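Chain by chain, the residues:
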Amino acid sequence: MERIAIFPGSFDPFTVGHESIVNRAIPLFDKIIIMIGYNSNKQSFFPLEKRAKWINEVFKNEPRVEVETHEGLTVDFCKQVNAGYILRGLRTSADFEYERAIAQINKKMLPQIESVFLLTMPEHTPINSSIVRDIIRHGGDASMFLPASLNMSEFKPDK
Ligand code: ADP
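Residues numbered from 1 in each chain as written. Predicted model: local features only at pLDDT ≥ 70, side-chain atom pairs only at ≥ 80, totals over all residues. Heavy atoms only, no water.

**Q** I'd like a rundown of the pairing of strand β5 (residues 114–119), residues and numbers included.
**A** Examined bridge by bridge, strand β4 (residues 85–90) and β5 share 6 bridges and lie parallel to one another. Its bridge partner lying in β5, Leu87 is registered against Val116. Handedness of the β-α-β unit built from β4, helix α4 (residues 93–109) and β5 comes out right-handed. (Pairing = 2+ DSSP bridges. Helix = DSSP H or I, 4+ residues; strand = E, 2+ residues; numbered from the N terminus. Right-handed = clockwise from strand over helix to strand, strands pointing away.)

Next comes the structure, spelled out in structure tokens:
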């Protein structure tokens, strides 16, 4: 049976930390679907289409990585795409506590699902999308936190 993992998140925007987690998980799975979760009642900083386009660009040469968008429960998306694994990154003990609750609840809702956690690379521990957004919002240079293959001129507050 194909080992399909989903990597859910808001990816607003997708950072080098996210990129590293996906790259390190590629040898573990047959397919990784990066699931951009959204809530139509909540405004994101970057539009969904842009976020999807950027992630597609990062993995354009990696046939085992796909990008999808989803509104609703992560476990419903897992059923929809036949995924057996939920991939998440862990930076800190705070991430662990947050992820533990989500993973245990997901397991209750969909017993066949396993959550798989990769510890972040030490240099990516302080990186999170919210800080990167703030840098971009205020016109700073966020390039060192964003995947190197992306065109930095697209990361403007008005885009
Ligand atoms: P969410 O809104 O679900 O937290 P994010 O887009 O912030 O979505 O993160 C998606 C996943 O990526 C989470 O598992 C998060 O812990 C992980 N992640 C975020 N930033 C990093 C990073 N710098 N290094 C490793 N993993 C990260």
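Next comes the rest of the write-up.
**Q** Residue-level account of the nonpolar core, with values.
**A** As a rule of thumb, nonpolar side chains are buried together in soluble globular proteins. Ranked by internal contacts, the top residues of the largest apolar core, which has 31 residues, are Phe7, Phe14, Val22, Ile34, Ile55 and Phe59. Elements with a minimum of two residues in this core: β1 (4–9), α1 (16–25), β2 (31–37), α2 (48–58), β3 (65–70) and α5 (129–137). Aside from chain neighbours lying at most four places away, what touches Phe59 is Phe14, Glu19, Val22, Asn23, Ile34 and Val65. One finds Ile6, Ile33, Ile86 and Leu110 within the second-largest nonpolar core, a separate group that totals 12 residues. (Core = buried A, V, L, I, M, F, W, Y, C linked by side-chain atoms within 4.5 Å. Buried < 20%, exposed > 50% of the residue type's maximum accessible area, 1.4 Å probe, protein only. Contact = heavy atoms within 4.5 Å.)

**Q** I'd like to hear about the packing of aromatic side chains, residue by residue, with values.
**A** By convention here, two paired aromatic rings are described through the distance between centres and the angle between planes. This structure, assessed with the given rule, holds 8 aromatic pairs. The interplanar angle of 90° and the centroid separation of 5.9 Å between the aromatic rings of Phe14 and Phe59 together place this pair among those described as edge-to-face. Taken together, the residues span a long stretch of sequence, with Phe14 in the loop between β1 and α1 and Phe59 in the loop between α2 and β3 at a distance of 45 residues. Assessed through its relative accessible area of 6%, Phe59 is described here as buried. Between the aromatic rings of Phe45 and Phe46, the centroid separation amounts to 4.8 Å while the plane-to-plane angle is 80°, which identifies the pairing as edge-to-face. An aromatic cluster is present here, built from Phe7, Phe11, Phe14 and Phe59 joined pairwise through their rings. (Phe/Tyr/Trp six-rings, centres within 6.5 Å; stacked < 30°, edge-to-face > 60°.)

**Q** Account for the pattern of salt bridges, with residues named and values stated.
**A** What the rule picks out here adds up to 13 salt bridges. The partner of Arg133 in a salt bridge is Asp12, and the shortest N-O contact between them spans 4.0 Å. Of this pair, Arg133 sits in helix α5 while Asp12 sits in the loop between β1 and α1, placing them 121 residues apart in sequence. Residue Asp12 is classed as buried on the basis of its relative accessible area, which comes to 8%. (Salt bridge = Lys/Arg side-chain N within 4 Å of Asp/Glu carboxyl O.)

**Q** Could you give an account of the sheet that holds β1, with specific residues and numbers?
**A** Sheet strands pair by backbone hydrogen bonding; their relative direction is either parallel or antiparallel. Taken in spatial order, the 5 strands of this open sheet run β3-β2-β1-β4-β5, and their pairing is parallel. Each end of this open sheet is capped by a strand with a single partner; those strands are β3 and β5. The average undirected angle you get between the axes of adjacent strands in this sheet is 30°. With 6 bridges connecting them, β1 and β2 associate as parallel partners. Along β2, the bridge assignment pairs Gly9 with Ile36. Contacting β1, β2, β3, β4 and β5, α1 runs over the sheet at an angle of about 115° to β5. Where α2 meets the sheet, it contacts β2 and β3, and its direction lies at approximately 160° from that of β2. (Axes fitted to C-alpha atoms, helices over the stretch in contact; angles between N-to-C directions.)

**Q** Give me the environment of Phe7: which residues, what numbers.
**A** As for its position among the elements, Phe7 is in strand β1. Residues Phe7 and Ile55 lie 48 residues apart in sequence; the distance between their C-alpha atoms is 12 Å. If sequence neighbours within four positions are ignored, Phe7 has contacts with Phe14, His18, Ile21, Val22, Ile32, Ile33, Ile34, Met35, Leu87, Arg88 and Gly89.

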